[in-house]
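Structural overview for review
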Amino acid sequence: MLEVCNLSLADFATLARDDAERIETIPLLGMAQAGQDGFFDDAGLPVGEGWEQTELPRASDSLLSLRIVGDSMAPVYRAGDRVIVDREAREVRRGDRVVVRTTGGETLAKEVAALTPQTVTLASINPAYPPRAVQRADILWMGRILWVSQ
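Residues numbered from 1 in each chain as written. Predicted model: local features only at pLDDT ≥ 70, side-chain atom pairs only at ≥ 80, totals over all residues. Heavy atoms only, no water.

**Quick look at the pairing of strand β9 (residues 139-149)**
Using the following cut-off: Two strands make a pair as long as DSSP finds a minimum of two bridges between them. Starting at the N terminus, helices and strands are each numbered in turn, a helix being any DSSP run of H or I of at least four residues and a strand any DSSP run of E of at least two.
Bridge analysis of strand β4 (residues 82-86) against β9 gives five bridges, and the strand direction is antiparallel. Bridge assignment links V83 to a residue of β9, and that residue is V148. Note that strand β5 (residues 97-102) and β9 share five bridges and pair antiparallel. Residue pairing across strands places T102 opposite I139, the latter belonging to β9.

This is the structure:
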């Protein structure tokens, strides 16, 4: 049957979807714990039980990766850094770092400074760049930055 459908066994298994979705996680360390003896094995991996877990982003159509250009978010994000953005993570709060795509074609990586029903004020970390208020009607999408590779 696999040959007739031109599927590998792995492709077929992904179609089954009869298992509960597993969320990938990694151990969450507090910085105070990270410095204490006994929290890591000889290979440098966390040991013991009771770790809190950090949920990793799952691959989806709403995730995208962007490369940072410019210095408006320096020193947090530098030119060439890559960020992973979730366009479905629309419930943003003041202080969240986001990527905004405007109707004018701009793509901005900024920090949310203020939110009103009509506008979103976006701030740069670099003080050389002033905050910018963007009308919500001018925003195609806004997603939270989940991860950065520096």
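**Observations concerning the side chain of T102**
The test is simple: Contacts between residues were defined by any pair of non-hydrogen atoms, one from each residue, lying within 4.5 Å.
Tracing the backbone shows T102 in strand β5. If we ignore the near neighbours within four places in the chain, the residues touching T102 are L108, D138, I139 and L140.

**Focus: the sheet that holds β5**
For the record, the criterion: With axes taken as lines fitted to C-alpha atoms, and helix axes fitted only over the stretch in contact, angles between N-to-C directions fall between 0 and 180 degrees.
If you walk across this open sheet you meet the seven strands as β3-β4-β9-β5-β6-β7-β8, and the pairing is antiparallel. Edge strands, defined here as strands with exactly one partner in the open sheet, are β3 (63-67) and β8 (132-135). For this sheet, the mean inter-axis angle between neighbouring strands, taken without regard to orientation, is 45°.

**Considerations on the layout of surface pockets**
Counted only if it meets this: Grid points spaced at 1 Å over the protein atoms alone were grouped into cavities, where a 1.4 Å probe fits but cannot get out, and pockets, open sets with protein on both sides within 12 Å along at least five of seven lines, with lining residues defined by an atom within 4 Å of a point. Grid points are joined across faces, edges and corners, and a volume is the space filled by probe spheres set on the points. When residues are sorted by character, Ala, Val, Leu, Ile, Met, Phe, Trp, Tyr, Cys and Pro go into the nonpolar class, Asp, Glu, Lys and Arg into the charged class, and all the rest, Gly among them, into the polar class.
Each pocket or cavity is described by its volume, and for the largest pocket that value is around 200 Å³. Around the largest pocket, the lining is made up of 13 residues, and of these I68, V69, T107, L108 and A109 lie nearest the centre. Within the residue set of the lining of the largest pocket, elements represented by two or more residues are β3 and β6 (107-115). Its residues assigned to classes, the lining of the largest pocket comprises eight nonpolar, three polar and two charged.

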